[in-house]
Amino acid sequence: MGFMDKISGWQTKVFVWFGLPVIAAIGLMLGATDLGPAWQAKSGGGTAGTFTAVKKECSRRNCEWHGNFAATEGGARRADVILYDAPDGMSKGSTAPALDTGARKGVFSTTGGSTYLLVTGLTVAGVLALVAWVAIIVRKIRRRREAAQPPAPPASFAPSL
C-alpha cells in the first residue's frame, strides 16, 4: 500500500465519520427550518409589510441588509431581521416591500430571488448526507456481524452410507 493510498483512506474516513454528520446537521438544522418559509415567500404568501434598512453586513462572498419589518396590516413588527433577496440599490434608511413568512432570521423581498433554491439545496444536501451516513453505518455493522460468524462447514456431496 502506497503513501497516497494511506492519505486517501485517511481523508475518506474523516469525511465519512466527521464530514457527513456535520453536513447533515448543518443542512437539516439551517435548511429545513427555513424551507417552508422560503417557498411560501416564493409563492407570495406570508404577511405583507415594509422592511427598513438599518445596517449592511458583508462577508467575503455576500452582503446582507439588517433592519426592521413592520406589517402593513395588524402592526406586527420584527426588529433586527435580514432582508433576503434584497433589491439592488438598497441603502441605509431605505425601505422595500417584504413578506414575513416566519423564517428564523428574516423576511423576504417581494422582488423575488433565489434564497428558496439555496435553502432547498442546503436541506437536500443535509438529507443526502444523513442517508449516506446511515447507509455506511448499517453496511459496516452488517460486515462486522458477517465477519464474526463462524464459517459454515463445507457441503459434502459424497454419498452417505
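Structure shown above.
What comes next is a walk through the structure. (Residues numbered from 1 in each chain as written. Predicted model: local features only at pLDDT ≥ 70, side-chain atom pairs only at ≥ 80, totals over all residues. Heavy atoms only, no water.)

For the coordinates displayed, the defined rule picks out 3 salt bridges. Between D34 and R104 there is a salt bridge, with its nearest N and O atoms 3.5 Å apart. Highlighted residues: D34 in helix α1 (residues 3-42) and R104 in the loop between β4 (95-100) and β5 (106-109), separated in sequence by 70 residues. Across the pair E57 and K55 runs a salt bridge whose closest N-O atoms are separated by 3.4 Å. (Salt bridge = Lys/Arg side-chain N within 4 Å of Asp/Glu carboxyl O. Helix = DSSP H or I, 4+ residues; strand = E, 2+ residues; numbered from the N terminus.)

For the rest of this paragraph, the subject is the nonpolar core. One recurring pattern in soluble globular proteins: nonpolar side chains tend to sit buried together. F51, A53, W65, F69, A71, V81, L83, M90, A96, A98 and V107 together form the largest nonpolar core, which totals 11 residues. Residue assignment for this core shows that the elements contributing at least two residues are β1 (47-58), β2 (63-71), β3 (77-84) and β4. For this core, the element with the highest residue contribution is β2, accounting for 3 residues. Among residues more than four places away in sequence, those in contact with A53 are W65, H66, M90, S91, K92, G93 and S94. Core analysis: the second largest hydrophobic core is formed by 8 residues, A38, A103, Y116 and V119 among them. (Core = buried A, V, L, I, M, F, W, Y, C linked by side-chain atoms within 4.5 Å. Buried < 20%, exposed > 50% of the residue type's maximum accessible area, 1.4 Å probe, protein only. Contact = heavy atoms within 4.5 Å.)

The next point concerns the state of the cysteines. In the structure shown here, the tally under the stated rule is 1 disulfide. Paired by a disulfide, C58 and C63 hold their sulfur atoms 1.9 Å apart. One quick way to see it: the torsion about the S-S bond of C58 and C63 is about 110°, and its sign makes the bridge right-handed. Its relative accessible area of 41% is what places C63 among the partly exposed residues. (Disulfide = S-S within 2.5 Å.)

Within the structure shown, the criterion is met by 2 aromatic pairs. Between the aromatic rings of W39 and Y116, the centroid separation amounts to 4.9 Å while the plane-to-plane angle is 75°, which identifies the pairing as edge-to-face. Placement of the pair is W39 in helix α1 and Y116 in helix α2 (residues 115-148), with a sequence separation of 77 residues. Exposure remark for W39: the relative accessible area of 39% places this residue in the partly exposed category. On the basis of relative accessible area, Y116 is assigned to the buried category, the value being 15%. Between Y84 and F108, the aromatic rings sit 5.0 Å apart at their centres with planes inclined by 35°, giving tilted as the arrangement. Taken as a pair, Y84 in strand β3 and F108 in strand β5 lie far apart in primary sequence, 24 residues in all. With a relative accessible area of 4%, F108 lands in the buried category. (Phe/Tyr/Trp six-rings, centres within 6.5 Å; stacked < 30°, edge-to-face > 60°.)

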